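The lines below spell out each chain.
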Amino acid sequence: MTAMARAENKSEAGGTAHLVAALAKALREQQGLTQPQLGDRLGYTAAAVSAMETCAQPASDQMLVKLEEEIGGGLGVFEKARRWMLLEKYPVRFRGFSELEAGAVTLCSYETLVVDGLFQTEDYARALIGGGYPPVSEQKREELVEARLARRAIFDRDPAPMIELILEETVLRRPFGSWEILRGQLRSLAEDARRDNVCVQVLPLERGLRGTYAGDRGGMHLVETEDHQHVVYLEVEDQGILISEPAEVSQLAHRYARIRAQALSPDDSLSLIEQLAGEKR
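What you are looking at is a predicted structure, and each value in this text was computed from that prediction instead of being measured.

Basis of the calculations
Residues numbered from 1 in each chain as written. Predicted model: local features only at pLDDT ≥ 70, side-chain atom pairs only at ≥ 80, totals over all residues. Heavy atoms only, no water. Pairing = 2+ DSSP bridges. Helix = DSSP H or I, 4+ residues; strand = E, 2+ residues; numbered from the N terminus. Axes fitted to C-alpha atoms, helices over the stretch in contact; angles between N-to-C directions. Contact = heavy atoms within 4.5 Å. Buried < 20%, exposed > 50% of the residue type's maximum accessible area, 1.4 Å probe, protein only. Salt bridge = Lys/Arg side-chain N within 4 Å of Asp/Glu carboxyl O. Parallel < 35°, antiparallel > 145°, perpendicular 65-115°, else oblique. Left-handed = near helix turned anticlockwise from the far one by under 90°. Nonpolar A, V, L, I, M, F, W, Y, C, P; charged D, E, K, R; others polar. Core = buried A, V, L, I, M, F, W, Y, C linked by side-chain atoms within 4.5 Å.

Section: the sheet that holds strand 2 (residues 162-168)
Paired through backbone hydrogen bonds, the strands of a sheet run either parallel or antiparallel to each other. With mixed pairing, the six strands of this open sheet are ordered in space as 3-2-1-4-5-6. The open sheet is flanked by strand 3 (198-203) and strand 6 (239-243), the only strands paired with a single partner. Strand-to-strand twist of the sheet, defined as the mean angle between neighbouring strand axes without regard to direction, takes the value 15°. One ladder, built from five bridges, connects strand 5 (residues 230-236) with strand 6; its direction is antiparallel. Looking at the pairing, Tyr233 lines up with Leu242 of strand 6. Those strands touched by helix 11 (residues 179-193) are strand 2 and strand 3, and its axis lies near 130° from that of strand 3.

A look at unusual backbone geometry
Put simply, Tyr133 and Pro134 share a cis peptide bond, and its omega is 0°. Relative to the helices and strands, Pro134 resides in the loop between helix 8 (122-130) and helix 9 (138-150). A cis amide bond, omega 5°, links Asp158 with the succeeding residue Pro159. Tracing the backbone shows Pro159 in the loop between helix 9 and strand 2. With a phi close to 65°, Cys55 is a non-glycine residue in the positive phi region. Examined against the element boundaries, Cys55 turns out to sit in the loop between helix 4 (46-54) and helix 5 (61-71). Residue Cys55 is classed as buried on the basis of its relative accessible area of 2%.

Remarks on the pattern of salt bridges
For the structure on display, the rule yields 21 salt bridges. A salt bridge links Arg28 to Glu53; the nearest nitrogen and oxygen atoms lie 2.7 Å apart. Of this pair, Arg28 sits in helix 2 (residues 15-30) while Glu53 is found in helix 4, placing the two residues 25 residues apart along the sequence. The buried category is assigned to Glu53, whose relative accessible area is 13%. Two residues, Asp156 and Arg195, come together in a salt bridge whose shortest N-O distance is 3.2 Å.

With respect to the packing of helix 8 against helix 9
Close contact between helix 8 and helix 9 brings their axes to 9 Å; oriented N to C, the two are set at 135°. Here helix 8 is positioned oblique relative to helix 9, judged by the angle of their axes. In terms of crossing hand, the pair formed by helix 8 and helix 9 is right-handed. Together, Glu122, Ala125, Arg126, Leu128, Ile129 and Gly130 of helix 8 and Arg141, Glu142, Leu144, Val145, Arg148 and Leu149 of helix 9 make up the contact between the two elements. Tallied by class, the residues present in the contact of helix 8 with helix 9 amount to six nonpolar, one polar and five charged.

Things to note about the nonpolar core
Counting 34 residues, the largest nonpolar core has Phe119, Leu172, Leu189, Val200 and Ile273 as the members making the most contacts within it. Those elements giving two or more residues to this core turn out to be helix 7 (92-102), helix 8, strand 2, helix 10 (169-173), helix 11, strand 3 and helix 13 (266-277). The element best represented in this core is helix 11, accounting for six residues. What Ile273 contacts, discounting residues up to four positions off in sequence, is Leu172, Leu186, Leu189, Ala190, Val200 and Val202. Within the second largest apolar cluster, 20 residues are counted, among which are Val20, Ala24, Leu42 and Val49.

Limitation: the analysis is restricted to geometry and does not speak to function.
Written out as structure tokens, the structure is:
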């Protein structure tokens, strides 16, 4: 890790990272362990322990699990910190929505450029994040990939939310990294589409030839919260916007409903996804 990366990590580390660092150091010293000794027990180097304690490299999810096992003392502090550490790894613009997403009763999304982050495979997410602008360090890329994949826990939550996704057909044809990564993403998308609580639809490429096309304003995410409030999240050029004003939410919900009506049926959409997943390049 370069000195510049260490300095950047320290400046960007959130409150949870600093609290974890302070607790880990206090518990290590209370138990009479040196950094090399704790590193041996965790399966990390002394330098990695030092970096965690100074926030030069905040604890990964895997390190938090090991810290809980080795020095947690049954308190559950490091286990509880896992959720908040992952939250802090999201871009600031996304953090407010991520909390709403995790507790959503229903989640409806329309994407025009890439597969929705909730449905992305590890390889697809890594290629997408690694090829973006401005470029990020390898370490930051891996943190963002880890945080993105953690969102998939919502699929198996009990009670299960109802999840809808509408994708522009062009999304299914746009590769990142390699054609094989795209095919793997499409196979994964098809598997998710078969879940009982998930509906995936595709807005066909030629929809505009029919004279009506409701998707020209860009993507959106509609959330029904645990207390049955309705919120819309929009993201444009690194800016995240949460809309809760009822009249605006209603207008966007009606637009989403029109997009859904113009999309292929779930069965036809799944057939198209499966067909494209088997294309030879």
